Amino acid sequence: LVISFGLFYSFSTIAAVAPKESATPVNTVVNTAKAVAKLPDPADSSWKKIGEEDSILTYSKDIEGTSIVAFRGEAVIDSNIAKITNVLIDTTRKKEWVAKLVEAKDVKRLSEVEKVEYNHTSAGFPFVSDRDFVFKAAAELDRINCRLIVRLKSVDEPSVPENTENVRGEITSGIYILTPIEGGTKTHLVLEISADPKGSIPKMLVNSFQKHWPRKTIQGIRAQAAKADVGEYPLVRQVFGQELHLM
């Protein structure tokens, strides 16, 4: 990939696909022990704080074997978990809040809580190619710990081949952890991303732009969730509604 400098703001996508009223029973999409076992260690000292702005904490971490740096953001959002989930999942409205997003579409539904998604973002600079990503997004609804975990990772998808106009980037790993707080009226959000936009841009420059991704992403989610016409995601409301008094 030649790097699309706005590209990294387009990763804010959730795994689940909007459920139908007759969707798979909730118990089949709740993954508790497995989810807890895979979560990042909050005490991981390799994360270095690099900023705090707009009540958003930003961290970076060197990844062994690569010059690409991973980034992490953490903040509280004044919306419940079902509404924030709806913001993340609705690809039809992602252009309202994801910087420089040209296109976002669902490519393939794999299960009730897994899908393959395509994102294309503008480079925003002349002579720099746009970027696109094809990735699997998988959600885990942890009812015991009352949180939602979303994981992202690039995949090869024959139905969305690379083209000559864009550079295909790679999401090595990404995660969103949404935890209701204050009786479910607010949500604590942690997000992490390790991604390589590929192409010929020096990695040092790539990292200097990627470091803004956590803050920009969280600011976008906050603004979108505050809109009156953004509803709550039905499956999350169904799973967590009684505990959070959303029913």
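Residues numbered from 1 in each chain as written. Predicted model: local features only at pLDDT ≥ 70, side-chain atom pairs only at ≥ 80, totals over all residues. Heavy atoms only, no water.

## Looking at the overall build of the protein chain
Phase 1 of the analysis: Scanning the protein chain for helices and strands turns up 5 helices and 10 strands.
Phase 2 of the analysis: Taking all 247 residues of the protein chain together, 53% fall into the buried category.
Phase 3 of the analysis: Restricting to contacts in the protein chain with at least 6 residues of sequence separation, those with at least 24 account for 68%.
Phase 4 of the analysis: Total accessible area on the protein chain stands at roughly 11300 Å², and carbon and sulfur atoms take up 52% of it. (Helix = DSSP H or I, 4+ residues; strand = E, 2+ residues; numbered from the N terminus. Buried < 20%, exposed > 50% of the residue type's maximum accessible area, 1.4 Å probe, protein only. Contact = heavy atoms within 4.5 Å. Areas by Shrake-Rupley, 256 points an atom, 1.4 Å probe, with all protein chains shown as cover.)

## A short note on the environment of Ala123
Phase 1 of the analysis: Within the secondary structure, Ala123 sits in the loop between strand 5 (114-121) and strand 6 (130-142).
Phase 2 of the analysis: The class for Ala123 is buried, based on a relative accessible area of 0%.
Phase 3 of the analysis: Sequence-wise, Ala123 and Asn166 are 43 residues apart; in three dimensions their C-alpha atoms are separated by 9.6 Å.

## A closer look at the packing of aromatic side chains
Phase 1 of the analysis: The full count for this structure, using the stated rule, is 1 aromatic pair.
Phase 2 of the analysis: Here Tyr176 and Trp213 contribute two aromatic rings whose centre-to-centre distance is 6.5 Å and whose plane-to-plane angle is 75 degrees, an arrangement assigned as edge-to-face. Taken together, the residues span a long stretch of sequence, with Tyr176 in strand 9 (residues 170-181) and Trp213 in helix 4 (residues 213-225) at a distance of 37 residues.
Phase 3 of the analysis: What makes Tyr176 buried here is its relative accessible area of 1%.
Phase 4 of the analysis: Its guanidinium or amino end placed over the ring of Trp47, Arg72 lies 5.9 Å from that ring's centre, counting from NZ or CZ. (Phe/Tyr/Trp six-rings, centres within 6.5 Å; stacked < 30°, edge-to-face > 60°. Lys NZ or Arg CZ within 6 Å of the ring centre and 35° of its normal.)

## Considerations on the pairing of strand 3 (residues 69-77)
Phase 1 of the analysis: Buried residues dominate strand 3, accounting for 7 of its 9 residues.
Phase 2 of the analysis: As paired elements, strand 2 (residues 56-62) and strand 3 share 6 bridges and run antiparallel to each other. What sits directly across from Lys61, in strand 3, is Ala70.
Phase 3 of the analysis: The turn joining strand 2 and strand 3, which pair antiparallel and follow one another in sequence, is formed by 6 residues; a positive phi near 90 degrees is taken by Gly65. (Pairing = 2+ DSSP bridges.)

## Concerning the pattern of salt bridges
Oppositely charged side chains may form a pair once their charged atoms are brought near each other.
Phase 1 of the analysis: A complete count under the given rule lists 21 salt bridges for this structure.
Phase 2 of the analysis: Between Glu117 and Lys94 there is a salt bridge; the shortest N-O distance is 3.0 Å. Placement of Glu117 in strand 5 and of Lys94 in the loop between helix 2 (81-89) and strand 4 (101-111) is noted, with a sequence separation of 23 residues between them. Take Glu117 and Lys94: they sit in the same class, and that class is buried. (Salt bridge = Lys/Arg side-chain N within 4 Å of Asp/Glu carboxyl O.)

## Regarding the packing of helix 2 against helix 4
Phase 1 of the analysis: Two numbers describe how helix 2 lies on helix 4: the axes approach to 9 Å, and their chain directions differ by 115 degrees. Overall, the two elements helix 2 and helix 4 adopt an arrangement that is roughly perpendicular. Helix-helix and strand crossings are classified by hand; for helix 2 and helix 4 the assignment is right-handed. Contacts between helix 2 and helix 4 involve Lys83, Ile84, Val87 and Leu88 from the first element and Ile221, Gln224 and Ala225 from the second. (Axes fitted to C-alpha atoms, helices over the stretch in contact; angles between N-to-C directions. Parallel < 35°, antiparallel > 145°, perpendicular 65-115°, else oblique. Left-handed = near helix turned anticlockwise from the far one by under 90°.)

## So, helix 3 (residues 203-210)
Because an α-helix packs 3.6 residues into every turn, residues spaced three or four apart end up facing the same way.
Phase 1 of the analysis: For helix 3, every residue scored as buried is listed here: Val206, Asn207 and Gln210. Mapping the buried residues of helix 3 onto a view down its axis gives an arc of 95 degrees, with all of them on the same face.
Phase 2 of the analysis: Here the buried face of helix 3 lies against strand 3, strand 10 (186-196) and helix 4. (Arc of directions from axis to C-beta.)

## Comments concerning helix 4
Phase 1 of the analysis: End to end, helix 4 covers 18 Å across 13 residues, agreeing with the expected 18 Å (1.5 Å per residue, within 8%).
Phase 2 of the analysis: Counting buried positions along helix 4 gives 10 out of 13 residues, so the element sits mostly inside the fold.
Phase 3 of the analysis: Buried within helix 4 we find Trp213, Pro214, Arg215, Thr217, Ile218, Gly220, Ile221, Arg222, Gln224 and Ala225. (Expected span 1.5 Å × (residues − 1).)

## Thoughts on the confidence of the model for the protein chain
Phase 1 of the analysis: Predicted confidence across the protein chain gives a mean pLDDT of 83, with 80% of residues reaching 70 or more.
Phase 2 of the analysis: Note that residues 1-29 has pLDDT below 50 and, in this model, 139 contacts with residues that lie over four places away or in other chains.
Phase 3 of the analysis: Taken together, the stretch residues 31-37 has pLDDT below 50 and engages in 12 contacts with residues farther than four places along the chain or on a different chain. (pLDDT = per-residue confidence, 0-100.)

## Description of the environment of Lys105
Phase 1 of the analysis: Here Lys105 lies in strand 4.
Phase 2 of the analysis: Sequence-wise, Lys105 and His120 are 15 residues apart; in three dimensions their C-alpha atoms are separated by 9.2 Å.
Phase 3 of the analysis: Once residues within four sequence positions are removed from consideration, Lys105 is found in contact with Glu117 and Tyr118.

## What to know about the side chain of Lys115
Phase 1 of the analysis: Of note, Lys115 is situated in strand 5.
Phase 2 of the analysis: Classification of Lys115 as buried rests on a relative accessible area of 1%.
Phase 3 of the analysis: A distance of 2.5 Å separates polar atoms of two side chains, one belonging to Lys115 and the other to Asp106.
Phase 4 of the analysis: In terms of polar contacts, Lys115 uses its side chain to reach the side chain of Glu117, at 3.3 Å. (Polar contact = N/O pair within 3.5 Å; in protein donor to acceptor, adjacent residues only side chain to side chain.)

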